[in-house]
Amino acid sequence: MPNKNSKLLQVCIIGSGPAGYYTAEALAKEENVRVDIIDKLPTPYGLIRGGVAPDHQKIKGVYRRYEKTSLGERVRFAGNLEAGQDVSLGELRELYDAVVLALGAPKDRTLGIPGDDKLGVIGSAEFVGWYNSHPDFAGLDPDLDISTVVVIGNGNVAVDAARVLAKTPQEMAASDLAPYAAEKIHAAPISKIWMLGRRGPLEAKFTPKEMGELGELQNCITVTDKDQIPDLTEEQLAALPLVVRKNMVHLKAFTGNRPEAGKKTLHMQFYSKPAEVLGEDRVTGLRLEKTRVENGNCIGTGEIFEIGCQMIIPCIGYRSVPLEGAKFREDWGCFDNQDGKIEDRLYCTGWARRGPTGTIGTNRPDGHQIAARILREVTPGGRPGGAGLDALAGRRGLEIITFGDWQKIEAAEEKAATGEAPRVKFHRTRDMLTAARR
Ligand code: NAP
C-alpha cells in the first residue's frame with residue numbers, strides 16, 4: 001500500500017493575478033505540492049496586465065516575481081482555459097485535491113441611480129480594460145469626441161482614469177497604453193475632467209503618490225475648491241493617519257491653482273453625491289446632491305446641482321462574478337467564505353475573497369495564509385492533477401497555453417514596441433494564440 005501522505009498534493013488555482021500567484025508561491029515551497037494556475041486568457045498576471053495603469057510600469061514590474069514562480073518546477077501556468085466554460089468547477093474538484101478561486105472582481109459596481117445605463121456611462125472595469133488592451137474590452141470604442149468627462153469616486157482607480165485622460169502623448173511614451181486608446185485619447189477635445197467624491201478630502205481613499213502625480217501634469221491643471229479643504233491646525237493634522245495628512249498637503253496646494261487657457265482642467269470636487277444621469281439615450285449631464293459628512297457618513301443636504309458632461313466613468317469599486325458550484329454572497333459581491341474557505345477543498349483568495357480592497361501587496365499575506373491553510377487541511381488523495389487536466393483538454397480539443405507559449409507572446413509584444421514603450425500588447429485573443437504557436 002503506498003503511503004497516502006507521500007503522494008503529491010495537487011492544487012488548482014483559478015486566476016493568474018497577484019492573489020493567484022502569491023498563493024502558488026507559498027504552496028510551491030513544499031516539495032510534494034504541484035500547482036496548476038489556470039486563466040481564461042492566454043496571458044498571465046491578471047490585474048497587473050489589465051488593471052494597473054499603463055504609465056505605472058514600476059508597479060507592473062512585480063510580474064517578475066510571478067515569473068520566477070512560474071519558472072519553478074512545481075508550478076504550471078495553463079492559460080486559455082476558462083473555468084465554468086471550458087471546464088467546470090466540479091470537474092476541477094475531481095482532478096485536484098484543492099481548488100482556489102483567485103478570480104478577482106472583474107465587474108463594475110453600478111451607480112444605482114436613474115439613467116446610469118445611458119450611452120456614455122462607462123464603468124472603470126470597462127474603461128481601464130479598454131486602455132489596457134484587455135480582450136474583453138478592446139472593442140469598447142468610447143465616443144471621446146467630447147469636451148467634459150466626469151469621473152466618479154475618490155479611489156486610486158478614479159485617479160488613474162483621470163490621469164490617463166489628462167496626460168499628453170509624451171507623458172505616456174514610456175507606457176504600454178493600447179495604441180488604439182492612445183490615438184483616441186490624444187485626439188479627444190476634452191478640456192475639463194471632474195473628479196467627484198461623495199464624501200470629503202479626509203475620507204478619500206486615494207494615496208499621496210497618486211495625488212502628487214496630479215500636481216505634475218504637463219498639460220492639465222488640477223484644482224480644488226478652497227472652501228472644501230479643511231483648514232486644520234498642526235495638532236489636528238498630527239492626529240490624522242499619515243496617508244491622509246500627505247493627501248491634504250497636495251489637495252491644499254491644488255487650491256492655489258487656476259485653470260489655464262489651452263490646458264485641460266482636472267477639478268476635484270468633494271461632498272457631491274450622484275443622483276441622476278441626465279440626457280435622452282446619451283449622457284448630457286449629471287445631477288448631484290451636495291452632502292456633508294457626519295461621523296464619516298455621507299449625509300445628503302437636499303441641495304441639488306448639475307454638471308454638464310458627455311461621459312461619466314464611475315470608479316466606485318468592483319464585484320466578483322459567480323462561478324457555478326461555489327457559494328456566492330450577492331451582498332458582499334464576492335464568494336461566501338470563512339477566512340478564505342468556501343467548503344472542504346475549495347478556497348478563495350484576493351478580491352474574490354475579501355472584495356476589491358487593498359494594494360497588490362495585500363494579496364501576499366492573503367495568498368500565503370490560504371496556502372498554509374490548504375497545507376494544514378488537505379491531504380493528497382491520489383488525484384491526477386495537471387495530467388488529468390491535459391487529458392480532459394485533449395478530449396475537448398482545448399488548446400492550453402503554457403508559460404513557454406506565453407513567453408513567445410511576451411517576446412512578440414516587446415518586439416512590437418518602439419521608442420520608450422516597454423511593449424505593445426495584443427488585444428485580440430486570436431493574435432495572442434498566433435504568437436504563441438510560432
Ligand atoms: P476604492 O478605493 O474603494 O474607491 C472607491 C470610491 O468610490 C470611494 O471614493 C467611494 O466613496 C466611491 N463610491 C462608492 N460607491 C459610490 C457611489 N454609489 N457613488 C459615489 N461614489 C461612490 O476603490 P477603487 O478606486 O476601485 O480601487 C480598488 C482597490 O485597488 C483599492 O484598494 C485601491 O487602493 C487599489 N488600487 C491601487 C492603485 C495604486 O496603488 N496605484 C491603483 C488603482 C487601484 P466612499 O469612500 O464614500 O465609499
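Look up: the structure comes first, before these words.
Cut-offs used in this document
- Residues numbered from 1 in each chain as written.
- Predicted model: local features only at pLDDT ≥ 70, side-chain atom pairs only at ≥ 80, totals over all residues.
- Heavy atoms only, no water.
- Helix = DSSP H or I, 4+ residues; strand = E, 2+ residues; numbered from the N terminus.
- Rg over C-alpha atoms; globule rule 2.2 N^0.38 Å.
- Contact = heavy atoms within 4.5 Å.
- Areas by Shrake-Rupley, 256 points an atom, 1.4 Å probe, with all protein chains shown as cover.
- Pairing = 2+ DSSP bridges.
- Axes fitted to C-alpha atoms, helices over the stretch in contact; angles between N-to-C directions.

Visitor: Would you take a moment to explain the overall build of the protein chain for this structure?
Guide: Scanning the protein chain for helices and strands turns up 16 helices and 18 strands. For a compact globule of 438 residues, the expected C-alpha radius of gyration is about 22 Å, and the protein chain comes in at 23 Å, within 12% of that figure. Principal axes of the C-alpha set define a box for the protein chain whose edges measure 80 × 50 × 40 Å. Nonlocal contacts in the protein chain, meaning residues at least 24 apart in sequence, comprise 74% of its contacts between residues at least 6 apart. Carbon and sulfur atoms make up 49% of the accessible area of the protein chain, which amounts to about 19600 Å² in all.

Visitor: Hey, could you run me through unusual backbone geometry in this one?
Guide: Note: most residues except glycine have negative phi, and most peptide bonds are trans. Positive phi, close to 65 degrees, is recorded for Asn 80, a residue that is not glycine. For Asn 80, the position within the fold is in the loop between β3 (75–78) and α5 (89–95). At Ser 133, a position not held by glycine, the phi torsion is positive, near 65 degrees. Relative to the helices and strands, Ser 133 is located in the loop between α6 (124–131) and β6 (148–152).

Visitor: Honestly, the sheet that holds strand β7 (residues 192–196) in this entry has me stumped. Any pointers?
Guide: Through backbone hydrogen bonds, the strands of a sheet pair up, either in parallel or in antiparallel fashion. Spatially, β8-β9-β7-β6-β13 is the arrangement adopted by the five strands of the open sheet, whose pairing is parallel. If you trace the sheet from one side to the other, it starts and ends with β8 (220–224) and β13 (311–314), each paired once. Going across the sheet, the axis of each strand differs from the next one's by a mean of 20 degrees, ignoring polarity. Inspection of the sheet shows β7 paired to strand β9 (residues 264–269) by five bridges, in the parallel sense. Looking at the pairing, Ile 193 lines up with Leu 266 of β9. Seen against the sheet, helix α11 (residues 242–254) touches β8 and β9 and runs at an angle of roughly 105 degrees to β8.

So, to be careful, I would describe these as geometric facts and stop short of saying anything about function.
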